[in-house]
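Listed below are the residues making up each chain.
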Amino acid sequence: MSQKISVTDRVVAAGFAAGWKLVPLLPQRATAGAFRLLADRVWRKRGRSVRRLESNLARVTGLDPGSGELRELSRAGMRSYFRYFHEVFRLPSMRREDIVRRTHVTGAEHIHDTVAAGRGVVLALPHMGNWDQAGAWLVGVGHPFATVAERLKPESLFRRYVAFREGLGMEVLPLTGGDGHNFGTLATRVRRGGVVCLPAERDLTKSGIEVRFFGSATKVPAGPPLLAVQTGAALLPATVYFHGDDWGIDIHEEIPVPEEGTRQEKVAIVAQRLTDVFEKGIAEHPEDWHMLQRLWLEDLAR
């Protein structure tokens, strides 16, 4: 059965195709300014996505909903979000050495030393900053990796995104619609001493692990903690943010797996420890946390 494509989906797909083709050909300062103006325009309209971003940021920061301070933070958040897309269109034309040079990293030794010892790494990160740029940096410093991508609509847009990420050196597995063996593939990669990178603070399946996140219940993907428990790979949280005109990545210490307990108990403990690290990173850079969807269980129930 053919996929029914809405007019909105067609427009979005055409916009992305044009972005990858045209944005690298235009002056960087001009296109950056255009994306910033577009972000401000969307922010001023205060549509559903902006209102959801503000609601999420209110939980993270404790700011009063509707306050001027929260509104300013959400404007910074939308500018950060649109900067991500601007950079996505430019990344394929950027030199790898420039990406590496402009990336300010703390904790890189946690990856290098673990891989050098022959042990696999699972890098888990929230939706912050420019995670595709972070992936390009990781490839640039010698660690090609596998990841899983949400299946976007229409299919043409998903294929373009996969091609974009593969062009940066990533191995991309589809979250849905693939061969159904993603976990086995990822486990094989880390058992062989490789690296896997996975988004880890928003569950897109029905098998997430319930955790406490900024004081309320939500569910996070089971994959990263389960890979650590099942394979013995090092689970390293990473937070990604914008560092002026450059980029910042903080790679945190390994999340330890408990020695005792059932597999389910171990996964739950590891998931909560991972979420606790994410809390700190998001609190330090709330404007770069791109969460424009419902996340907490009580919000999802409404």
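Residues numbered from 1 in each chain as written. Predicted model: local features only at pLDDT ≥ 70, side-chain atom pairs only at ≥ 80, totals over all residues. Heavy atoms only, no water.

S.K.: When you look at the overall build of the protein in this model, what are you seeing that I'm missing?
M.R.: For the protein, the helix and strand inventory stands at 12 helices and nine strands. Its C-alpha atoms give the protein a radius of gyration of 19 Å, near enough to 19 Å, the size a compact globule of 302 residues would have. Expressed as lengths along the three principal axes of its C-alpha atoms, the size of the protein is roughly 55 × 45 × 45 Å. For the protein, the proportion of its 302 residues judged to be buried stands at 49%. When the accessible surface of the protein is totalled, it reaches about 15000 Å², and 52% of it is carbon and sulfur. (Helix = DSSP H or I, 4+ residues; strand = E, 2+ residues; numbered from the N terminus. Rg over C-alpha atoms; globule rule 2.2 N^0.38 Å. Buried < 20%, exposed > 50% of the residue type's maximum accessible area, 1.4 Å probe, protein only. Areas by Shrake-Rupley, 256 points an atom, 1.4 Å probe, with all protein chains shown as cover.)

S.K.: Please clarify how the sheet that holds strand E8 (residues 234-243) should be interpreted in this entry.
M.R.: What links the strands of a sheet is backbone hydrogen bonding, and the strands pair in either a parallel or an antiparallel sense. Ordered in space as E1-E9-E8-E2-E5-E3-E4, the seven strands form an open sheet in which the pairing is mixed. Whereas interior strands pair on both sides, the edge strands pair on one side only; in this sheet they are strand E1 (103-106) and strand E4 (171-174). On average, adjacent strands in this sheet sit at an angle of 25° to one another, irrespective of strand direction. With respect to the sheet, helix H7 (residues 131-140) is in contact with E1, strand E2 (121-125), strand E3 (145-149), strand E5 (195-199), E8 and strand E9 (246-251), its orientation differing from that of E9 by roughly 75°. Against the sheet, helix H11 (residues 263-284) engages E2 and E8, with an angle of about 15° to E8. (Pairing = 2+ DSSP bridges. Axes fitted to C-alpha atoms, helices over the stretch in contact; angles between N-to-C directions. Contact = heavy atoms within 4.5 Å.)

S.K.: I'm lost on H11 in this one. Help?
M.R.: With 22 residues, H11 ought to run about 32 Å at 1.5 Å a step, and its terminal C-alpha atoms sit 32 Å apart, in line with that. By the burial criterion, the buried members of H11 are Lys266, Val267, Val270, Ala271, Leu274, Thr275, Val277, Phe278, Gly281 and Ile282. End-on, the buried residues of H11 take up no more than an arc of 165°, which puts them together on one face. (Expected span 1.5 Å × (residues − 1). Arc of directions from axis to C-beta.)

S.K.: Sorry if this is basic, but what is going on with the side chain of Thr275 here?
M.R.: When you line up the elements, Thr275 lands in helix H11. We classify Thr275 as buried; its relative accessible area is 2%. Apart from residues lying up to four places away in sequence, Thr275 is in contact with Val211, Arg212, Phe213 and Val220.

S.K.: For this particular structure, what's the right way to read the pattern of salt bridges?
M.R.: Applying the stated criterion across every chain, the model contains 18 salt bridges. Here Asp299 makes a salt bridge to Arg59, at a shortest N to O gap of 3.5 Å. In this pair, Asp299 sits in helix H12 (residues 297-300) while Arg59 sits in helix H3 (residues 48-61), placing the two residues 240 residues apart along the sequence. Look at Arg59 and you get partly exposed, because its relative accessible area is 23%. A salt bridge links Glu72 to Arg75; its shortest N-O distance comes to 2.7 Å. Of the two residues, Glu72 and Arg75 both sit in helix H4 (residues 68-90), three residues apart, roughly one turn of that helix. Each member of the salt-bridge network shares a partner with another, and the members are Arg52, Arg59, Glu298, Asp299 and Arg302. (Salt bridge = Lys/Arg side-chain N within 4 Å of Asp/Glu carboxyl O.)

S.K.: Looking at this structure, how should I read the nonpolar core?
M.R.: In summary, soluble globular proteins display a tendency toward joint burial of nonpolar side chains. Grouped together as the largest cluster of nonpolar side chains are 88 residues, with contacts concentrated most on Met78, Leu123, Tyr161 and Trp289. Looking at which element gives the most residues to this core, the answer is H4, with nine residues. Contact partners of Met78, with chain neighbours within four places excluded, come to Ala39, Val42, Trp43, Val50, Leu53 and Leu292. (Core = buried A, V, L, I, M, F, W, Y, C linked by side-chain atoms within 4.5 Å.)

S.K.: In this structure, what is going on with unusual backbone geometry? I would like to understand it.
M.R.: Lys153 connects to Pro154 through a cis peptide bond whose omega is -5°. The phi torsion at Arg46 lies on the positive side, around 50°, for a residue other than glycine. Mapping Arg46 onto the fold places it in the loop between helix H2 (28-45) and H3. With relative accessibility at 34%, the residue Arg46 sits in the partly exposed group. Even without a glycine there, the phi angle at Phe214 is positive, about 50°. Structurally, the position occupied by Phe214 is in the loop between strand E6 (209-213) and strand E7 (216-220). With a relative accessible area of 18%, Phe214 lands in the buried category.

S.K.: Looking at this structure, I do not really get the side chain of Ser216. What am I missing?
M.R.: The topology assignment puts Ser216 in strand E7. Assessed through its relative accessible area of 12%, Ser216 is described here as buried. Side chain to side chain, Ser216 and Arg59 meet in a polar contact 3.0 Å long. Discounting chain neighbours no more than four positions away, the residues touching Ser216 are Arg59, Val211, Trp296 and Glu298. (Polar contact = N/O pair within 3.5 Å; in protein donor to acceptor, adjacent residues only side chain to side chain.)

S.K.: Help me understand the packing of helix H10 (residues 223-231) against H11, please; the structure alone is not making it clear to me.
M.R.: Each packed pair of helices is defined by two parameters, the angle between the axes and the distance between the axes. Two numbers describe how H10 lies on H11: the axes approach to 9 Å, and their chain directions differ by 130°. Judged by the inter-axis angle, H10 sits oblique to H11. Considering how the two elements wind past one another, H10 and H11 form a crossing that is right-handed. Within the contact between the two elements, H10 uses Pro224, Pro225, Leu226, Val229 and Gln230 and H11 uses Arg263, Lys266, Val267, Val270, Ala271 and Leu274. (Parallel < 35°, antiparallel > 145°, perpendicular 65-115°, else oblique. Left-handed = near helix turned anticlockwise from the far one by under 90°.)

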